[in-house]
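A closer look at the structure
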Amino acid sequence: MTTFVLFGGTGDLAKRKIIPALYSAFVNGRLATDFQFIGAAREALSDEVFRARVTNAIETYAKLANGTPEQLAAFLALTSYSKIDARAPADFDALKSRIGTIGNESNASSLFYLAVGPDIFIPVVEQLSKHGLVEGNARVVVEKPLGRDAKSAKEINQALRSYLRENQIYRIDHYLGKEMVQNLLALRFANSFLEPLWNRKWIQDVQISIAEQVGVETRGDFYDKTGALRDMVQNHLLQLVSIVAMEPPVNANPDAIRDEKVKVLRALHKFTPDEVSKKTVRGQYRAGAVDGKPVISYQNEAGVPPSSRAETFVAIRAEIDNWRWGGVPFYLRTGKRMASRCAEITINFKPIPYSIFGKGQGPLRSNRLVITLQPEESVQLFMKAKEPGEGIRLSDVALNLDFAEASSSRRVESYERLLLDALHGDLTLFVRDDELGAAWEWIDPIMHAWENDSEGLKSYIAGSWGPAAASYLLAQHGTAWGEEYVES
Ligand code: BG6
């Protein structure tokens, strides 16, 4: 029997992401035949009421799964609910009897997904351990935020490790489950022509941008205590950096890959307070318009104090102090309420050493490789070619790998992919404790410098590309963000 227990089973993440992902896996025949799903949360709910909520989550957020009414009924038949107060041992007795045969069956396995605040992680894991529920094949998935800084992350990790082995802990970063992120590994390590170019000799700079159009939605209270640096940079952006910049691993095993990723995170150049003010920009959105529709300012969002100083935008000029990347800027950017929704990695190659083509014969922007994670997945290599016709006029053309067109295979959403990996015991796309620690070590000095600088928060109009200072961050080095680039 495989048991999936979802703590925080009535929460927003469960409703929007986890339950729909589980259902999609079920509809596509990816779950074991003897599978059960138990929702767990503090509310006292009957199985029936929980099933009604699951149905609602599926109908609202799992449309792409295309399940039939019979499949939905079959999924609900595997679903039940257990009321859990993390500090009430008796509730775990009840959960244990609901899980049933675990421990008695040699092939029984359970996955406990902790979609709850980090203050609840440890009490839950402690109770699971005391009740003998995390022995053998049991695994625990923990959601971010894992800590607020290096110290608190270390405490959480140590506490988790006192009940679990490292290979039982699945620290989820849903960006790692995105198709294109995994494709990056294939692009880099299954093609011969990229590797000789993938270094400081040939690459001018790397830009990684995750722009969102949404604001803070219903999460104002949480977000205001978190900010974009902790919410997006510490995890998603740094994970992308580590995959772009890592050395070839010795094989594709989870630890071989994570060994190389952590080296990149450790090599990130740590900023002094002076560097923080020169190399980082933070901003907060004011009222504006997104896609032509007026939107309110961050400070007017529900749950956000009107005097909030939380950042909703971050841009950073990072550097990696090692032989491959010394001197190559990694420009990182993320923001809410930006002009469009787009997550993109751009590798800008160095310019040609000398042009035999005169001015007026076309743009000479150097080659670039653009890897788009969303909204659509694609890899484009921009090259120069001659425009058809008389004389030589150069234009920028893209060798375009459009994955929606190139393959008819079913697209697996990141949460589904990661859930299945966790159920199968594959740790490759989960974050190891040393990676998490190294990421926080790099973030800490930035956070501290910002805390001591009351002037640095810039504002930007909702629906724009962020504060002007973010453009200046690149302009002063003679470059520009992708959307700002002007051919000359
Ligand atoms: C989450 C952040 O981790 O990622 C959210 O907490 C953000 O604030 C989300 O909106 C973005 O994910 P995606 O997959 O929509 O780009």
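This text follows the structure it describes.
Just so it is clear, the model here is predicted, and its values are computed rather than measured.

Things to note about the sheet that holds strand β3 (residues 79-83)
Judged by pairing direction, the sheet is parallel, and its six strands sit side by side in the order β3-β2-β1-β4-β5-β6 without closing on themselves. The open sheet is flanked by β3 and β6 (169-171), the only strands paired with a single partner. Direction aside, neighbouring strands of the sheet carry axes that sit 20 degrees apart on average. Where strand β5 (residues 139-142) lies against β6, three bridges are found, and the strand directions are parallel. The partner of Val142 across the bridge, within β6, is Arg171. Lying on the sheet, helix α12 (residues 414-424) is in contact with β1 (2-7), β2 (35-41), β4 (109-114), β5 and β6; it crosses β4 at an angle near 140 degrees.

A closer look at helix α4 (residues 89-99)
Residue pairs three or four apart in sequence face the same way in an α-helix, which turns once every 3.6 residues. Along α4, the residues that are buried comprise Asp91, Phe92, Leu95 and Ile99. On an axial view of α4, the arc spanned by its buried residues comes to 95 degrees, and they lie on one face. Within α4, the exposed residues directed more than 90 degrees away from the buried face are Ala90 and Ser97. In this structure, the buried residues of α4 make contact with β1, β2, β3, β4 and α5 (118-130). Positive phi appears at Gly100, one or two residues downstream of α4, with a value of about 80 degrees.

Observations concerning the site of the ligand
Close to the ligand lie Lys144, His174, Tyr175, Lys178, Glu212, Arg219, Asp231, Met232, His236, Lys336, Arg341 and Gln374. Between Arg219 and the ligand, the recorded distance is 2.5 Å, taken from a side-chain N or O atom to an oxygen atom. For the ligand, an oxygen atom lies 2.9 Å from a polar atom in the side chain of Lys336. Relative to its unbound accessible area of 400 Å², the ligand is 83% covered by the protein chains. Per-element tally for the shell around the ligand: the top contributor is helix α8 (residues 220-245), with three residues.

Quick notes on the pattern of salt bridges
Counted according to the given criterion, the structure contains 35 salt bridges. Note that Arg53 and Glu43 form a salt bridge whose closest N and O atoms lie 3.0 Å from each other. Of this pair, Arg53 sits in helix α2 (residues 47-61) while Glu43 sits in the loop between β2 and α2; the two residues are 10 residues apart in sequence, bridging distant segments of the chain. The salt bridge partner of Asp259 is Arg432, with a shortest N-O separation of 2.9 Å. One end of the pair, Asp259, is in helix α9 (residues 254-267); the other, Arg432, is in the loop between α12 and α13 (433-451), with 173 residues separating them in the sequence.

Structural notes on a nonpolar patch on the surface
Together, Met383, Val397 and Leu399 give the surface a local cluster of nonpolar side chains, amounting to about 240 Å² of exposed area. Mapped onto the elements, Met383 comes out in strand β15 (residues 378-386). Among the residues examined, Met383 registers a relative accessible area of 34% and is labelled partly exposed.

Concerning the sheet that holds strand β7 (residues 203-211)
Spatial ordering of the open sheet is given by β16-β15-β14-β13-β7-β12-β11-β8-β17, a layout of nine strands whose pairing is mixed. Every other strand in the sheet has two partners, leaving β16 (394-402) and β17 (457-461) as the edge strands with one partner each. Sheet twist, expressed as the mean angle between neighbouring strand axes with direction ignored, is 20 degrees. Alignment of β7 against strand β13 (residues 342-349), held across eight bridges, turns out to be antiparallel. What sits directly across from Ile208, in β13, is Ile345. Packing of α8 onto the sheet brings it into contact with β7, β11 (313-318), β12 (330-335), β13 and β14 (368-374), and relative to β12 it is tilted by some 145 degrees.

Conventions adopted
- Residues numbered from 1 in each chain as written.
- Predicted model: local features only at pLDDT ≥ 70, side-chain atom pairs only at ≥ 80, totals over all residues.
- Heavy atoms only, no water.
- Pairing = 2+ DSSP bridges.
- Helix = DSSP H or I, 4+ residues; strand = E, 2+ residues; numbered from the N terminus.
- Axes fitted to C-alpha atoms, helices over the stretch in contact; angles between N-to-C directions.
- Contact = heavy atoms within 4.5 Å.
- Buried < 20%, exposed > 50% of the residue type's maximum accessible area, 1.4 Å probe, protein only.
- Arc of directions from axis to C-beta.
- Near = heavy atom within 4 Å.
- Polar contact = N/O pair within 3.5 Å; in protein donor to acceptor, adjacent residues only side chain to side chain.
- Areas by Shrake-Rupley, 256 points an atom, 1.4 Å probe, with all protein chains shown as cover.
- Salt bridge = Lys/Arg side-chain N within 4 Å of Asp/Glu carboxyl O.
- Patch = residues over 30% accessible without salt bridge, like charges linked within 9 Å, V, L, I, M, F, W, Y side chains within 5 Å.

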